[in-house]
Amino acid sequence: MGHIPSEVLEQAAALVDQADRVVCLTGAGVSAESGIPTFRDAQRGLWSRYRPEELASPEAFDAHPGRVWRWYMWRLGLVERARPNPGHRALAQLARLVPHLTLITQNVDSLHEAAGSPDVIHLHGRLDRFRCHDCEQPYALRPQDREADRPPSCPRCGGRVRPDVVWFGEPLPPRPWQAALAAVAACDCMWAVGTSGVVYPAAQLPQMARERGARLLVVNPEPTELDPWATITLSGPSGAVLPALVARVAARRSRAESRGGA
Ligand code: OAD
């Protein structure tokens, strides 16, 4: 992250400082430094022989419910042991610095909440929530379910219980999606952090913000599909870039306040 020139960081902080409504879209990269593999890296080790579609789709759940259940219990253990990293904490701090911040995540962990971010919009659901695949009744996970080699049955209809996440081929839950669209339509400045920008419809959001005249900051150690839309690209891991950027926003705010008070 040492390679981001100071003036570029300052330009980015100035864009944020000028904005009234900021939207931040995060992806798997923001949790990578907490030890959660990104989606495209997740198929390592134990589960490497399966492609994501073979584990995270309604077809996979119908054909191999036990395999899918065990994979989700393994991932649940992973996210439960994870702790927020400096990137998550910087975004929680940002909420206290800008007039309006909407945090939208594609991540199914709850590390933004653990860092103290309020009102996080989860576009792809949450790994720590469960519901019936058939009747959608919420389900409270029991300790024995974690060790089971098949999904529990819904107490209401007998259907299979599944994680409350979005699978390949499924639509996004309408309420978070509508909330995300509304925030993006109203924002002056959007951040896209740790997302490859290849999974739609979430990847559409930064483009929509640009088309409506907002500025776009992209934070990622690698080039992404969103770079052509970026006003400023900050190349580096979010655990280093976000604290540096938010510190600059905070410094600008406190300079403005001390001028105001003089
Ligand atoms: P991806 O796995 O597609 O992309 C992760 C991004 O994080 C890549 O662009 C990496 O370069 C970047 N990255 C890696 N380490 C990073 C770090 N330390 N700091 C910042 N960025 C880093 O993840 P998403 O874009 O989130 O959907 O993928 C979107 C969706 O694809 C997921 O939510 C999942 C999957 O299909 C569902 O589960 C519905």
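Everything below is about the structure printed above this text.
Notes on the structure in this doc start here. Computed from a prediction, not measured in an experiment: that's the story for all the values here.

This paragraph deals with the environment of Gly239. By the element assignment, Gly239 lies in helix H10 (residues 238-261). Sequence-wise, Gly239 and Asn85 are 154 residues apart; in three dimensions their C-alpha atoms are separated by 6.3 Å. Among residues more than four places away in sequence, those in contact with Gly239 are Glu33, Asn85, Pro86 and Gly87.

It is worth spelling out the nonpolar core at this point. Val16, Trp191, Leu217, Leu234, Leu242 and Leu245 are the most contacted members of the largest nonpolar core, which totals 32 residues. Elements represented by at least two residues in this core include exactly helix H1 (6-18), strand E1 (21-26), helix H5 (86-97), strand E7 (189-193), strand E8 (215-219), strand E9 (232-234) and H10. In terms of residue count, H10 provides more of this core than any other element does, seven residues in total. Once you skip the residues sitting within four places of it in the chain, Leu242 turns out to touch Val30, Gly87, Ala90, Leu91, Trp191, Val193 and Val219.

What follows deals with the side chain of Gln207. Assignment of secondary structure puts Gln207 in helix H9 (residues 204-211). Residue class for Gln207 comes out buried when judged on its relative accessible area of 16%. Polar contacts involving the side chain of Gln207 include one to the side chain of Tyr200, which spans 3.1 Å. Residues in contact with Gln207, not counting those within four places in the same chain, are Tyr200 and Trp229.

For helix H8 (residues 174-186), spanning 13 residues, the distance from its first C-alpha to its last is 18 Å, which sits close to the expected 18 Å at 1.5 Å a residue. Residues of H8 that are buried include every one of Pro176, Trp177, Ala180, Ala183 and Val184, and no others. Along the axis of H8, the buried residues cluster in a sector spanning 130°; they form a single face. Seen from the open side of H8, the exposed residues pointing more than 90 degrees away from its buried face are Pro174, Arg175 and Gln178.

Looking now at the side chain of Arg253. Tracing the backbone shows Arg253 in helix H10. What makes Arg253 buried here is its relative accessible area of 17%.

A separate point is the packing of aromatic side chains. Throughout the structure, instances matching the rule amount to four aromatic pairs. Considering the side-chain rings of Phe61 and Trp167, the 5.2 Å spacing of their centres and the 55° angle between planes classify their relative orientation as tilted. Taken as a pair, Phe61 in helix H3 (residues 58-63) and Trp167 in the loop between strand E6 (161-165) and H8 lie far apart in primary sequence, 106 residues in all. Assessed through its relative accessible area of 0%, Phe61 is described here as buried. Each ring, one from Tyr72 and one from Trp167, has its centre 6.2 Å from the other, and the planes form 45°; the classification is tilted.

So, how was this worked out
Residue positions are given per chain, counting from 1 as you read along its sequence in written order. This being a predicted model, a pLDDT of at least 70 is required before a residue's local features are given, and a value of 80 or more before pairs of side-chain atoms are given or counted; all residues contribute to the totals for chains, interfaces and linings. Side-chain descriptors were evaluated using all non-hydrogen atoms of the structure, hydrogens and water having been removed beforehand. Labels follow the DSSP assignment, with helices taken as runs of H or I lasting at least four residues and strands as runs of E lasting at least two, numbered in each case from the N terminus. In this description, contact between two residues means that some pair of their heavy atoms is separated by no more than 4.5 Å. Take the buried residues of types Ala, Val, Leu, Ile, Met, Phe, Trp, Tyr and Cys, join any two whose side-chain atoms come within 4.5 Å, and each joined set is a nonpolar core. Exposure categories follow from relative accessible area, calculated using a 1.4 Å probe and restricted to protein chains: below 20% of the type maximum is buried, above 50% is exposed, and the middle band is partly exposed. Distance and chemistry together define a polar contact, namely a pair of N or O atoms within 3.5 Å, with one atom able to donate a hydrogen and the other to accept it when in protein, and with adjacent residues in sequence counting only for side-chain atoms on both sides. The span you would expect from a helix comes to 1.5 Å times its residue count less one. Regarding the arc, it is the one traced by the directions from the helix axis to the C-beta atoms. The rule is short: rings of Phe, Tyr and Trp, with Trp giving its six-membered ring, pair when the centres are within 6.5 Å, and they are stacked under 30 degrees, edge-to-face over 60, tilted in between.

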